[in-house]
Amino acid sequence: MSILVTGGAGYIGSHTIIELLNAGYEIIVLDNFSNSYPESLKRVHEITGRDMKVYAINLLEKDGLEEVFSENKIQAVIHLAGMKAVGESVEKPLKYYQNNLSGTLALFQAMQKYSVKKLVFSSSATVYGTPKTVPIKEDFPLKATNPYGRTKLMVEEILHDLYQSDNDWSISILRYFNPIGAHPSGMIGEDPADIPNNLVPYITKVAVGELDELKVFGADYPTKDGTGVRDYIHVVDLALGHVKALEWNLSTTGLHTYNLGTGKGYSVMEIIQAFEKTCGIKIPHSISKRRPGDIAISFADPAKAEKELNWSASRSIEEMCVDSWRWQSNNRVGDNKKGKKDEEIEATF
Ligand code: WQD
């Protein structure tokens, strides 16, 4: 029996399949490589010494999806595939609804057809919108404020309806806070195709000289130093949270939602200082105006995941900075983008 990981070649996906392989699971990867590279999966194979089957398809390809489910005995699905740039989702909402909603619906219909009713779904803290208070608990009001966040919230609602219609499903909804860092090997990491939207990959590209200066989006928020506060979580801690959620899904039925965060908030300036201190590199930066749509403060109350999944984040902000730096300095522009996207993807790595 195998675990199907959609988006398995991506940043979260590649780190998650490493931990799944290390835990002994058989893995099948489905990825359209629109925002990832086969090279990442080759490196996962190098790191773990384990093989995995790979299907280079888009969830909207009905025949391709049929092939995945008819050719394999799938025990559970970890659904990570999706577009995730907030700004892009505002510019191109239909692309986001098509990809994140229609693609997800096609996946769930295939799961239902083949009676695969164990699912870990990648959601996001963005579904909380602007929280009234912090730390944020899972039962806080939900209000997405951009098309990307709305696709996540809509899928959560679809899953609640699905579970109501058939209690044989076992579903865990994981709301990620801010994943950063990289596998300690330095062989895989966050590898945005274009100029990074997110803070830490932008910082590391400034550190290696690919970008000149970090713009700090606003220093007039009601926070400790005026800059935005977020709950940064090491991507390996996040990956381990998926393994714990999967174990829960395999053991029973039900639908549960969990915050995957550390429960601590750091400001932009604190991240810059932590990076400079741990990596010994000055990060040139200047204060600019707020980024539209940004909120002041967001960090998790992770108590529910700690109690029910026996999971908590353990890696420090210093480890997050060092691991990010090791990845970036080992993988300057283009390194991880070996070969063209349409290269013949080996069926098994
Ligand atoms: C963090 C802080 C910025 C870049 C987004 C998505 C969320 C999730 C993670 C998918 C904020 C500041 C950033 C820069 C800056 N993605 N910043 N200069 O916005 O909290 O979350 O990514 O699941 O859904 O909304 O993360 O890293 O973009 O920003 O000052 O060049 O860094 O203002 O305070 P964010 P981020």
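Thresholds applied
- Residues numbered from 1 in each chain as written.
- Predicted model: local features only at pLDDT ≥ 70, side-chain atom pairs only at ≥ 80, totals over all residues.
- Heavy atoms only, no water.
- Phe/Tyr/Trp six-rings, centres within 6.5 Å; stacked < 30°, edge-to-face > 60°.
- Lys NZ or Arg CZ within 6 Å of the ring centre and 35° of its normal.
- Helix = DSSP H or I, 4+ residues; strand = E, 2+ residues; numbered from the N terminus.
- Expected span 1.5 Å × (residues − 1).
- Buried < 20%, exposed > 50% of the residue type's maximum accessible area, 1.4 Å probe, protein only.
- Contact = heavy atoms within 4.5 Å.
- Near = heavy atom within 4 Å.
- Polar contact = N/O pair within 3.5 Å; in protein donor to acceptor, adjacent residues only side chain to side chain.
- Nonpolar A, V, L, I, M, F, W, Y, C, P; charged D, E, K, R; others polar.

S.K.: Looking at this structure, how should I read the packing of aromatic side chains?
M.R.: Any pair of aromatic rings gets described here by the distance separating the centres and the angle formed by the planes. In the structure shown here, the tally under the stated rule is three aromatic pairs. The ring of Tyr221 has Arg290 lying over it, and the distance from NZ or CZ to the ring centre is 4.1 Å. Directly above the aromatic system of Tyr258 lies the positively charged group of Lys304, at a separation of 4.7 Å from the ring centroid.

S.K.: Looking at this model, I keep getting lost on helix H1 (residues 11-22). Mind explaining?
M.R.: Side chains of residues three or four places apart in an α-helix project in the same direction, reflecting 3.6 residues per turn. Taking 1.5 Å of rise per residue, the 12 residues of H1 would be expected to cover 16 Å, and the 17 Å separating its terminal C-alpha atoms lies within 8% of that figure. Inspection of H1 places Tyr11, Ile12, Gly13, Ser14, His15, Thr16, Ile17, Ile18, Glu19, Leu20 and Leu21 among the buried residues, and these make up the whole buried set. Phi turns positive one or two residues past the end of H1, at Gly24, with a value near 95 degrees.

S.K.: In this structure, what is going on with unusual backbone geometry? I would like to understand it.
M.R.: Note: most residues except glycine have negative phi, and most peptide bonds are trans. Put simply, Val134 and Pro135 share a cis peptide bond, and its omega is 0 degrees. Mapping Pro135 onto the fold places it in the loop between strand S5 (118-124) and helix H6 (147-165). Not every positive phi belongs to a glycine, and Ser115 is a case in point at roughly 50 degrees. Within the secondary structure layout, Ser115 lies in the loop between helix H5 (93-113) and S5. A relative accessible area of 54% means that Ser115 is categorised as exposed. At Asn310, a residue that is not glycine, the phi angle is positive and equals roughly 55 degrees. Inspection of the secondary structure assignment puts Asn310 in the loop between helix H10 (303-308) and helix H11 (317-330).

S.K.: I would appreciate a short explanation of the side chain of Ser2 in the present structure.
M.R.: Turning to its location among the elements, Ser2 is positioned in strand S1 (residues 2-6). Judged by its relative accessible area of 14%, Ser2 falls in the buried class. When near neighbours in sequence (up to four residues on either side) are disregarded, Ser2 contacts Glu26, Ile28, Lys73, Ile74, Gln75 and Ala76.

S.K.: Any chance you could explain the site of the ligand here in plain terms?
M.R.: Among the 18 residues in the neighbourhood of the ligand, the closest are listed as Tyr148, Leu199, Lys215, Arg230 and Asp294. Side-chain polar atom of Asn198 to an oxygen atom of the ligand: 2.9 Å apart, as the coordinates give it. Between the ligand and the protein, one listed contact pairs an oxygen atom with a side-chain N or O atom of Asp294 at 2.6 Å. Broken down by element, the residue count for the shell around the ligand peaks at four residues, all from strand S8 (residues 214-217). When the residues that make up the shell around the ligand are grouped by side-chain class, the tally is eight nonpolar, six polar and four charged.

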